[in-house]
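# Inside the fold
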Amino acid sequence: MRADRLVATLLLMQARGRVTAAELAAELEVSVATARRDLEALSAAGVPVYPQPGRHGGWSLVGGARTDLSGLSADEARALFLLAGPVAGVSPDVRAALRKLVRALPAPFRADAQAAAGATLVDPAGWGANVKPRPEIVDRLQVAVVQRSRVRFTYRGEPREADPWGVVGKGDVWYLIAGTERGRRTFRVDRFAGLEPTGATFERPSTFDLDEVWREVAGAVEEKRARTKAVLLIEERFAWVLRDHFGPHCEQLEVLPDGRARVRVGAPEPRDIARTLSGWGSAVEVLEPPAVRAELARIGTELAGLYAAG
């Protein structure tokens, strides 16, 4: 049985106390036979559900058992649908699951949950830009993570095998965190060529926490992205523009009496900082290091030589 139907079935049984196969079929938009098979599958799997025959019979949870998901408070239900609503706009599967979950919630929560699901729209395209579609291979990697299926692929021209532990989306770039014979590795999914299961399975380390591991990976990457530091002066009212350009690698140190801010920025190389700042002309004064000042001077000389004659 499908996972979304399993959750919705349990929620409905908890919310109503007793349901018939016909009622369940109508709510979940499946046949009565499918609903009955689902209920029987739940019982066979050890879920405490039982049938009660007779005119007013149906299926119930033994002893009024409750599932954690259906124990949501009103605030928790609203938060869940606020989070999932934007995703449902681009995913038919999520949209269908949300419809079923709304119907399964206790009646007092349904109106707020429906409103929350439609309260937010996320347009992933920046202004003047196209939406970068999610690579199809991401879906296959997610399935491999869930099924604990070892995969084979080519990465930067080299054949590899790995145990997929988790998939991470960073902006519009996707990464695979995986176990390999060399230990844990991080792979950029857009550098994959081909992907297929090996037929082998694996057990993910019990201590593995995707959030924690990604914080470690992202921290190491950000450190490399800011290995060159520069200190500069700019009018304090424009400091926000530098924060927009350099992100977390921009720190305002102080505001001087003349209204200029002393700011520290970071980037991989001196030329990266110089290229970002060169368009500011004399509005930005780099104090250090000499390598960035020299790169700015070189860019200025090239531009002067190119355009002076004109």
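For the structure itself, look to the data block above.
What comes next concerns the included structure. Only a predicted model underlies this, so the values are computations on that prediction, with no experimental measurement involved.

Rules behind the numbers
Residues numbered from 1 in each chain as written. Predicted model: local features only at pLDDT ≥ 70, side-chain atom pairs only at ≥ 80, totals over all residues. Heavy atoms only, no water. Buried < 20%, exposed > 50% of the residue type's maximum accessible area, 1.4 Å probe, protein only. Helix = DSSP H or I, 4+ residues; strand = E, 2+ residues; numbered from the N terminus. Arc of directions from axis to C-beta. Contact = heavy atoms within 4.5 Å. Patch = residues over 30% accessible without salt bridge, like charges linked within 9 Å, V, L, I, M, F, W, Y side chains within 5 Å. Areas by Shrake-Rupley, 256 points an atom, 1.4 Å probe, with all protein chains shown as cover. Salt bridge = Lys/Arg side-chain N within 4 Å of Asp/Glu carboxyl O. Core = buried A, V, L, I, M, F, W, Y, C linked by side-chain atoms within 4.5 Å. Pairing = 2+ DSSP bridges. Axes fitted to C-alpha atoms, helices over the stretch in contact; angles between N-to-C directions.

### Observations concerning helix H9 (residues 239–246)
Here H9 has its buried residues at Ala239, Val241, Leu242 and Phe246. Down the axis, H9 shows its buried residues gathered within 155 degrees of arc, on one side only. With respect to the buried face of H9, the exposed residues turned more than 90 degrees away are Trp240 and Asp244. Structurally, H9 contributes buried residues whose contacts are with strand S9 (228–235), strand S10 (250–255), strand S11 (260–267) and helix H10 (270–277). Phi turns positive, to about 60 degrees, at Gly247, one or two residues after H9.

### Observations concerning a nonpolar patch on the surface
A grouping of Leu303, Leu306 and Tyr307 is seen on the molecular surface, where their side chains present a nonpolar patch of about 350 Å² in accessible area. Mapped onto the elements of the fold, Leu303 is located in helix H11 (residues 290–307). You can call Leu303 partly exposed: its relative accessible area is 43%.

### Points about the nonpolar core
Phe153, Leu176, Phe187 and Phe192 are the most contacted members of the largest nonpolar core, which totals 17 residues. Where this core is concerned, the elements lending two or more residues are helix H7 (136–147), strand S4 (149–155), strand S5 (158–170), strand S6 (173–180) and strand S8 (192–201). Here this core gets five residues from one element, more than from any other, and that element is H7. With near-sequence residues (within four places) excluded, Leu176 lies in contact with Leu141, Pro164, Gly166, Val167, Arg185, Thr186, Phe187, Val189 and Phe192.

### Comments concerning the sheet that holds S9
Taken in spatial order, the four strands of this open sheet run S10-S11-S9-S12, and their pairing is antiparallel. Looking at which strands have only one partner, the edges of the open sheet turn out to be S10 and strand S12 (285–288). Each adjacent strand pair in this sheet contributes to an overall mean axis angle of 30 degrees, direction not counted. Of the pairings in the sheet, the one linking S9 to S11 comprises eight bridges and is antiparallel in character. Paired with Ile234 across the strands is Ala261, a residue of S11. Along the sheet, H10 contacts S9, S11 and S12; its crossing angle with S9, the most-contacted strand, is approximately 20 degrees.

### Section: the pattern of salt bridges
In this structure the tally under the stated criterion is 16 salt bridges. Two residues, Arg150 and Asp163, come together in a salt bridge whose shortest N-O distance is 2.5 Å. Of this pair, Arg150 sits in strand S4 while Asp163 is found in strand S5, placing the two residues 13 residues apart along the sequence. Residue classification places Arg150 among the partly exposed positions, given a relative accessible area of 27%. Assessed through its relative accessible area of 14%, Asp163 is described here as buried. Salt-bridge contacts for Glu222 lead to Arg225; the nearest nitrogen and oxygen are separated by 3.9 Å. Of this pair, Glu222 and Arg225 are both found in helix H8 (residues 210–225), three residues apart, which corresponds to roughly one turn of the helix. Overall, Arg225 belongs to the partly exposed group, its relative accessible area being 48%. One network of salt bridges, with partners in common, ties together Arg152, Glu161 and Glu196.

In short, the description is geometric, and any link to function would need to be established separately.
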